[in-house]
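Notes for the structure review
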Amino acid sequence: MSFAELGLSPKVLAAVEAAGYTTPTPIQAQAIPHVLQRRDVLGIAQTGTGKTAAFTLPMLTLLEKGRARARMPRTLILEPTRELAAQVQENFDRYGSNSGLSVALLIGGVSFGDQDAKITRGVDVLIATPGRLLDHVERGKLLLTGVELLVIDEADRMLDMGFIPDIERICKLVPFTRQTLFFTATMPAEIKRITDQFLHNPVQVEVARPATAAATITQALVHTRSAPHDKRQTLRRLIRSAENLKNAIVFCNRKSEVAILHKSLVKHGFGAVALHGDMDQRSRMAALDSFRNGEMPLLVASDVAARGLDIPDVSHVFNFDVPIHADDYVHRIGRTGRAGRSGWAFTLVSAADGKHVSAIETLTGNKIPFTNDPPPVEGDDEEEASDRPRRGRRDRSGKKGEGERSHGGRTRDAKPAHDTKSTHEAKPARNAKPVRDAEESPRATRNAADSPKPADQRRPAQRRRHDEDDGPVVIGLGDHVPSFLLTPIRRKSNG
Ligand code: AMP
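Summarised in this report is the structure supplied together with it. (Residues numbered from 1 in each chain as written. Predicted model: local features only at pLDDT ≥ 70, side-chain atom pairs only at ≥ 80, totals over all residues. Heavy atoms only, no water.)

**Quick notes on unusual backbone geometry**
Even without a glycine there, the phi angle at Glu154 is positive, about 50 degrees. Of note, Glu154 is situated in the loop between β5 (149-152) and α7 (155-160). Residue classification places Glu154 among the buried positions, given a relative accessible area of 4%. Phi at Asn201 is positive, roughly 45 degrees, even though this residue is not glycine. (Helix = DSSP H or I, 4+ residues; strand = E, 2+ residues; numbered from the N terminus. Buried < 20%, exposed > 50% of the residue type's maximum accessible area, 1.4 Å probe, protein only.)

What follows is the structure in C-alpha cells.
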C-alpha cells in the first residue's frame, strides 16, 4: 500500500515524500483512512511503530478546512510527558511546514504568559500534558468546547503516572460529539473502562507488539554486587570494555539514582547527560539534544523520562537497575537495535534481583545469558573515596548504610533480598514519597475544592509504580502566581 491510497491531502503527501517515507507502517495503513472518515480509533501500538504520524498526518489533512478561534483550540493531543509532547510538536513542524496551521505546546516548566498569548490568538492544534492543560482551563484562559478531535496518546503510561482522573475530567470538558483517537501499548482493565466510556463505536487497530526483543539485540546479564557504589563500578567496567559502543542509554529505576549515577560518570571522565523529572525543561531538552547529536555519548535516564522518545541509532542499553516491571525491560532495550541495526543490552544483576529477572524472562520467553562475572572489585584504584558510602552514613530511614553494615563494604558478597531491605535499590518503588509536580503528575497541588478527593486518594494504589519519577519538584508555588497577588493595590493619595 502507498501513502497516496490513504486519502491524505496533496499537501500532506508532499510533506511525507519530503520526509523520505515511501510506505505507510501497519498502524498508519490501518488507522489513517478511519481517522479521515471521522471515526473514533483505538490504536494498540507503541512507539517505534510510526503511530505519531498515524494521527498527525490525517489531522493535518482534516485541519485544512476551517479556522482557529481565540481561546478555543480545534484539536487537542494529550501526552504523558513534556518530551513526548515536544516530539509530537516536532512531527507537526515536519509534516505541516506548509500548512499554515498554528500549533501550541502546553507543558510544565514553561511560563504561563507565553502559552496564554498563543492560546488567545487561537490555535489549530494544542499539545499538552494533562496537569498544565487543566491549570489553563481553571485560570479561565482556555475553552475546550471547540475541540473537534481529541488524541489521547500513551494511555497506559498515563495510567502508570496516575493521570487517569485528569484524563476523565478533560474528556468531560470537550464536546461529546468530538472524534477521539486513543493510543495505548497495552490494555489493562482500567484502560478498557476508559475506552468503553469515552470512545464511540471505535475502530480497533492493533499492531504486533514487540514483546519479544528485536533479533538484532544481543542481550546479557552481568553479575554485580548490590551496593550502589559497586554497581557504578561494574557499569564503568562494562562501558569501558564494551565493543562497538557508539552511544548508550543507561536506565535507572529512580530519578534520584539517575542524578547520582550521572554525577559519578562525569566525575570519572565519561561524557554523560541525565534525563529525569527533577530537571527543568530547558536542561531536559538540552540533554536530549546533546545525546541525539552525538556530543554526549551517554544518557542516564529513568523510564518515565525516556519513555517513547525517538532516538534512532543507539548502540547500547545498560540497565543499571533491573526494571521492576518486566514490560519496562522490553521498552528499554527496544531503544537499541532499531531499524535492523545491531544493538547490545546489558543488565546489571545482583542477588536481590532474581525475581525481576525471572519475570522478564517469562515475558520475553527467553533465557538471558550471564556474561562472565566481572573481575573482583578489591583494589579498584579508579574508585574515588567520595563515591563510596562513608562509614556510619545513614539512609533516610535512619538505618545505617551498606558501607557500615558490610564490614569492609566493597569486598563483601552480594546479599540476598531480605538482607538488603534498607538499601536504596532493593526498596520497592512504591514506598518512595516524592514531591509531585503540578504539570506532569496528578495535580496534588490543586486546591481541594477543585477536585472531589486529594490526588493521592484518587489514584488507585496499585498504579503508583512510577512514583519514583514524577516530574520536577515544585518550589514554593512553582510558576503559578495566585490571583490575589496580582490584584492592584490602591494607595491613598497624600493630596
Ligand atoms: P513513532 O512510533 O511515531 O515514534 O515513530 C518512530 C519513527 O518512525 C520516527 O522516527 C518516524 O520518523 C519514523 N516513521 C514514521 N512513519 C514512517 C514511515 N512510514 N516510514 C519510515 N519511517 C517512519
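**Quick look at the site of the ligand**
Taken together, 14 residues surround the ligand, and among them Tyr21, Gln28, Gly48, Thr52 and Asp310 come closest. Thr49 is positioned with one of its backbone polar atoms (N or O) 3.1 Å from an oxygen atom of the ligand. Side-chain polar atom of Arg94 to an oxygen atom of the ligand: 3.3 Å apart, as the coordinates give it. Surface burial for the ligand is 77%, taken as the share of its 500 Å² of free accessible area covered by protein chains. Across the shell around the ligand, the residue classes break down as three nonpolar, eight polar and three charged. (Near = heavy atom within 4 Å. Polar contact = N/O pair within 3.5 Å; in protein donor to acceptor, adjacent residues only side chain to side chain. Areas by Shrake-Rupley, 256 points an atom, 1.4 Å probe, with all protein chains shown as cover. Nonpolar A, V, L, I, M, F, W, Y, C, P; charged D, E, K, R; others polar.)

**Things to note about the sheet that holds strand β8 (residues 217-223)**
Sheet architecture is open: six strands sit in the order β8-β13-β12-β9-β11-β10, paired in parallel fashion. For this open sheet the edge positions go to β8 and β10 (272-275), each flanked by a neighbour on one side alone. Along the sheet, successive strands turn relative to each other by an average axial angle of 20 degrees, direction set aside. Relative to strand β11 (residues 298-302), β10 is paired through four bridges, and the arrangement is parallel. In the sheet register, Val273 faces β11, and the bridge partner there is Leu299. (Pairing = 2+ DSSP bridges. Axes fitted to C-alpha atoms, helices over the stretch in contact; angles between N-to-C directions.)

**Digging into the packing of aromatic side chains**
The final tally for this structure, using the stated rule, is three aromatic pairs. Taking the centre distance of 5.8 Å and the plane angle of 15 degrees together, the rings of Phe318 and Phe346 count as stacked. Within this pair, whereas Phe318 is found in strand β12 (residues 316-319), its partner Phe346 is found in strand β13 (residues 343-349), the two being separated by 28 residues in sequence. Each of the two residues, Phe318 as well as Phe346, counts as buried. (Phe/Tyr/Trp six-rings, centres within 6.5 Å; stacked < 30°, edge-to-face > 60°.)

**With respect to the sheet that holds strand β4 (residues 125-128)**
The strands that make up a sheet pair up through hydrogen bonds in the backbone, lying either parallel or antiparallel. If you trace the seven strands from one edge of the open sheet to the other, you get β3-β4-β2-β5-β6-β1-β7, paired in parallel fashion. The outermost strands of the open sheet, each flanked by one partner alone, are β3 (103-106) and β7 (203-206). Mean inter-strand twist for the sheet, computed between neighbouring axes without regard to direction, equals 15 degrees.

**Quick look at the pattern of salt bridges**
If the charged atoms of two oppositely charged side chains come close together, the side chains can form a pair. With the rule as written, the count across this model stands at 17 salt bridges. When the shortest N-O distance is used, the salt bridge between Lys231 and Asp321 registers 2.7 Å. With Lys231 in helix α10 (residues 228-241) and Asp321 in the loop between β12 and α14 (326-333), the pair connects residues that are 90 residues apart, well separated along the chain. Comparing Lys231 with Asp321 shows no difference in burial state: the two are buried. Through salt bridges with shared partners, one network takes in Lys51, Asp153 and Glu154. (Salt bridge = Lys/Arg side-chain N within 4 Å of Asp/Glu carboxyl O.)

**Focus: α10**
Relative to the 20 Å expected for 14 residues at 1.5 Å per residue, α10 spans 20 Å between its end C-alpha atoms, a close match to the ideal helical length. A large share of α10 lies buried, amounting to eleven of its 14 residues. Taken together, the buried positions of α10 are occupied by Pro228, His229, Asp230, Lys231, Arg232, Gln233, Thr234, Leu235, Arg236, Leu238 and Ile239. Of the surrounding secondary structure, the elements contacted by the buried residues of α10 are β8, β9 (248-252), α11 (255-267), β11, β12 and β13. (Expected span 1.5 Å × (residues − 1). Contact = heavy atoms within 4.5 Å.)

**Concerning the nonpolar core**
The biggest cluster of nonpolar side chains holds 47 residues, and the ones touching the most others in it are Leu235, Ile249, Leu261, Leu265, Leu299, Ile311 and Phe318. With five residues, β9 is the largest single contributor of residues to this core. Core analysis: the second largest hydrophobic core is formed by 39 residues, Val16, Val35, Val41 and Phe183 among them. (Core = buried A, V, L, I, M, F, W, Y, C linked by side-chain atoms within 4.5 Å.)

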